[in-house]
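Each chain, letter by letter, is given below.
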Amino acid sequence: MTAPAPDLIIFTQDLVREYDMGGEVVRALQGVSLQIKQNEYVAVMGPSGSGKSTLMNLIGCLDTPTSGEYWLNAQKVSDLDDDALARIRNKEIGFVFQTFNLLPRATALHNVELPLIYAGHGARERRAQAQHALERVGLADRMEHRPNELSGGQRQRVAIARALVNEPSILLADEPTGNLDSTTSGEIMQVFAELHRQGQTIVMVTHEHDIAAHAARVVTLRDGLIATDQRQAA
Amino acid sequence: MPVFEAFRLALQTIRAQKLKSGFSLLGVFIGVASLIAAWSIVNGGNRYMTEKFAQTLFGVNTFQLRRRPMFTPNVPDSVWRAWWRRPRIKFSDAEAVSAALTVPVVTAWQSSENVSVFYGGKEARDIELTTASERYFDIKNLRLALGRPFTAQENRSGVPVAVLGDAVAKRLFADRTPLERSVRIGGIAYRVIGVVEKQGSILGFPLDRFVVVPALSPAQNLVNPPGVLDAFLVKAQSEIEMREAMEVAEGVMRSRRHLRPKQDNNFVLDTSEGVQRFWAGISRILVVVLPNIVVVSLVIGGIVIMNIMLMSVAERTREIGLRKALGARRRDVLRQFLAESAAIATVGAAFGIVAGIGLTLLINAASPLPATVSPLSVVLGVVMGAGVGVVAGVYPASRAARLDPIAALRQE
């Protein structure tokens, strides 16, 4: 297998992921081939049990496939070890979680600095980059606040700033609006749209159609396979 | 993640969880505090015994020719009776030894008996009357607060002059000067010519209840039979010369006593070693017991820290998952938790050092022991404290490092 075309950020070939559930082998993914280009905005949908979480974990380099290949940003990552995957997650992927996953005792600024600590940046550089990332999501005036002093929408924006701070190849969002009311969800979608406009590649897992509607392309999974793959007007 | 970051994070966590951290550092705290305090006590005891006790009783580089040892703890009756059957040391023995010595020495005669001393209507009871020759003051390092010691001339002539201990002077004269007053010792009038500086006490025994008079003055009859003395004191200039003088003295005495080569000495050449050997026995017990206390506390401290760290890892599973998702490698997580447990233990050790120093100061103030904190014990305390933390942190930290980020993130 040769390297995929250079404009492909994500390239998977026959991804299979099996789990051993007490002696019984469950095939969560049955061979997924997916290509995502630079600056695409893709929503991944599907009912629970369709394999979208498994695909998300594989794309996010939190897990490795049982078989098949995964190339991320022209680098084959499907057979890397734990520590190498940690480097990839640190440099190439920005995670946004449904439950925000902020450190409760740390300020917004420190939360955003976290990936930079593991990237080995110096304190001054970290601070400057984290401030810039918080400015990008409109939280310049909330840097020294702790998560419990912020609203749900603000917390998710801190998480987005954290995801962006390392300038990753992809922003990977797992139900980013799942814990937010519809008004706040709309704000977060506006942030995503703005980031997309600035050139960010975004992959978002959701089960809400009106959230998926913000994406330019919707991939639907069913029973561990891609059922539909549609482009739509944003 | 650099080590510095790991420690900064560790200190933040400790600050945030004061109570839990407080408990977990208790064991190390006790271990290090007891290490430092006990070490100080042993050190202080050593100094006290070698410097003050031995020197006050014997003097530096000094030996005493005596019938029996001066410091005799736990002696069986048979030995005691054998000592009492020995011949006394005579003036002539002292003179013969003195004449034979080749190294430069200072010598003095000494005999003592408990008496009462009177002045006017006042009585000082239970006073140690010492009949001595003039160099006794030098050998015992007794400095005078008032007046002067008696001279060689006064000693030879047996002039009835007396040098009082501080307590005797206070008892008989209160605030007035005792100099040139006449006190009565065993019915004999003695003119006071000096008062010795206050000596304080040693292990609770007062050291100022004495009177020193010339060995050949009339009171000698109160102390010993004619021509007999308790001890002949010989002070050399160095330990080596003291040993040399002791050999000479032993030869002279054996020949004077007509001892055959296989017969034991029927006299002793007593030095401060006897006292120090007695103390060494006590301090050896401390030296054996002390490390055990410290080790037990540190092991318990380590186990507590390990358990707290395991709890901490369990509570922070989600945080660990997040950190891994954001790019923390195994070694980053490992380092974070190792730093945390090492920091807890080091903070415990730091408090332990403060408490140990405090205890030492307390002992210093409340007891006669000159307890001082040994810098080595502080260094050892820190090293062992941090070491316990690292060792105790290895298992919890490696569990944290091995966590699967997906499972960890999913945990509620």
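Residue numbers restart at each chain and count upward from 1, following the sequence in its written direction. Here the convention is simple: chains get letters from A, ligands get numbers from 1, in the order in which they are written. In keeping with the predicted nature of the model, local features appear solely for residues at pLDDT of at least 70, side-chain atom pairs appear and are counted solely at 80 or more, and the whole-chain, interface and lining totals rest on all residues.

A. Representation of the overall build of chain A within the structure. The helix and strand inventory of chain A stands at seven helices and ten strands. Buried, partly exposed and exposed are defined by the number of other C-beta atoms within 10 Å of a residue's own C-beta, namely 20 or more, between the two limits, and 12 or fewer respectively, with C-beta atoms placed from the backbone. Looking at chain A as a whole, 48% of its 234 residues qualify as buried. Sequence-distant contacts in chain A: of pairs separated by 6 or more residues, those separated by 24 or more amount to 69%. Each helix is a run of DSSP H or I of at least 4 residues and each strand a run of E of at least 2, with the numbering of both proceeding from the N terminus. Working definition of a contact: two residues with C-beta atoms, positioned from the backbone, lying within 7 Å.

B. Layout of the nonpolar core. Counting residues in hydrophobic clusters, the biggest one holds 120 residues, and the most contacted among them are Val44(A) and Ala161(A). Considering each element in turn, this core owes the most residues, twelve residues, to helix α13 (residues 330-366) of chain B. In this structure Ala161(A) touches Val112(A), Ala133(A), Leu134(A), Arg136(A), Val137(A) and Leu139(A), once residues within four positions along its chain are discounted. The nonpolar core criterion groups buried Ala, Val, Leu, Ile, Met, Phe, Trp, Tyr and Cys residues into a set whenever they are joined through C-beta atoms within 7 Å. If you look at the next biggest cluster of nonpolar residues, it comprises 51 residues, including Ile89(B), Val168(B), Leu229(B) and Ala245(B).

C. Representation of the packing of helix α11 (residues 273-315) of chain B against α13(B). Residues and elements named next belong to chain B. Axes here refer to lines fitted to C-alpha atoms; in helices the fit is confined to the stretch in contact. Angles between the N-to-C directions go from 0 to 180 degrees. At their nearest, the axes of α11 and α13 sit 11 Å apart, and the two run at 140 degrees to each other. One way to sum up the angle between α11 and α13 is to call them oblique. For the pair α11 and α13, the sense of crossing is right-handed. Where α11 abuts α13, its residues Gly301, Ile305, Met309 and Val313 lie against Phe337, Ser341, Ile344, Ala345 and Gly348. Each angle receives one of four descriptions, namely roughly parallel if under 35 degrees, roughly antiparallel if over 145, roughly perpendicular if within 65 to 115, and oblique otherwise. Here is the rule for handedness: rotate from the far helix to the near one, and if that takes an anticlockwise turn smaller than a right angle the crossing is left-handed, while a clockwise turn gives right-handed.

D. Highlighting the interface of chain B and chain A. Taken together, the contact between chain B and chain A spans 15 residues of the former and 18 residues of the latter. Mapped onto the side of chain B that touches chain A, the elements with two or more residues apiece are α1 (3-16), α12 (317-325), α13 and α15 (405-410) of chain B. Looking at which element gives the most residues to the side of chain B that touches chain A, the answer is α12(B), with four residues. In the side of chain B that touches chain A, the residues fall into eight nonpolar, one polar and six charged. Residues were grouped as follows: Ala, Val, Leu, Ile, Met, Phe, Trp, Tyr, Cys and Pro as nonpolar; Asp, Glu, Lys and Arg as charged; and all remaining residues, including Gly, as polar.

E. Molecular detail of the sheet that holds strand β10 (residues 225-231) of chain A. Residues and elements named next belong to chain A. Sheet architecture is open: six strands sit in the order β6-β7-β8-β3-β9-β10, paired in mixed fashion. This sheet does not close on itself; its edge strands, each paired only once, are β6 (93-96) and β10. Geometrically, the sheet is characterised by an average inter-axis angle of 20 degrees between neighbouring strands, direction not taken into account. Pairing between two strands is assigned when DSSP locates at least 2 bridges connecting them. The sheet contact formed by strand β3 (residues 41-45) and strand β8 (residues 201-205) spans four bridges and is parallel. Paired with tyrosine 41 across the two strands is isoleucine 202, which belongs to β8.

F. Region of the structure containing the environment of Ala106(A). Residue and element names in this part refer to chain A. Position of alanine 106 among the secondary structure elements: in the loop between β6 and α3 (108-119). Residue class for alanine 106 comes out partly exposed when judged on the 16 C-beta atoms lying within 10 Å of it. Put simply, alanine 106 and histidine 145 are 39 residues apart on the chain and 8.4 Å apart in space, counted from C-alpha to C-alpha.

G. Representation of the sheet that holds strand β2 (residues 24-37) of chain A. Overall, antiparallel pairing links the four strands, which are arranged β2-β1-β4-β5 (chain A) in an open sheet. Of all the strands in the sheet, just β2 and β5 (75-76) of chain A have a single pairing partner and so form its edges.

H. Fine view of helix α6 (residues 182-197) of chain A. Residue and element names in this part refer to chain A. In this scheme, a helix's expected span is set at 1.5 Å multiplied by one less than its residue total. Compared with the 22 Å implied by 1.5 Å per residue over 16 residues, the 22 Å span of α6 between its first and last C-alpha is a close match. Ser185, Ile188, Val191, Phe192 and Leu195 are the residues of α6 that are buried. Angular distribution of buried residues about the axis of α6 spans 115 degrees; they occupy a single face of the element. Along α6, the residues that are exposed and aim more than 90 degrees away from the buried face are Ser182, Thr183, Gln190 and Arg197. The arc in question is the one traced by the directions running from the helix axis out to the C-beta atoms.

I. Region of the structure containing helix α2 (residues 82-92) of chain A. Regarding α2(A), the residues found buried are Leu85(A), Ala86(A), Ile88(A), Arg89(A), Asn90(A) and Glu92(A). The elements touched by buried residues of α2(A) are β4 (67-72), β6, α3 and β7 (170-174) of chain A together with α12 of chain B.

J. The arrangement of the packing of α1(B) against α13(B) in detail. All names here are of chain B. Orientation of α1 relative to α13, taken along the N-to-C sense of each, is 60 degrees, at an axis distance of 8 Å. Classified by the interaxial angle, the pair formed by α1 and α13 is oblique. Classified by chirality, the crossing of α13 by α1 is right-handed. Across the interface between the two elements, Val3, Ala6, Phe7, Leu9, Ala10, Leu11, Thr13 and Ile14 of α1 pack against Arg335, Gln336, Ala339, Glu340, Ala343, Ile344 and Val347 of α13. For the contact of α1 with α13, the per-class residue count stands at eleven nonpolar, two polar and two charged.

The values reported here are purely geometric and, on their own, carry no functional implication.
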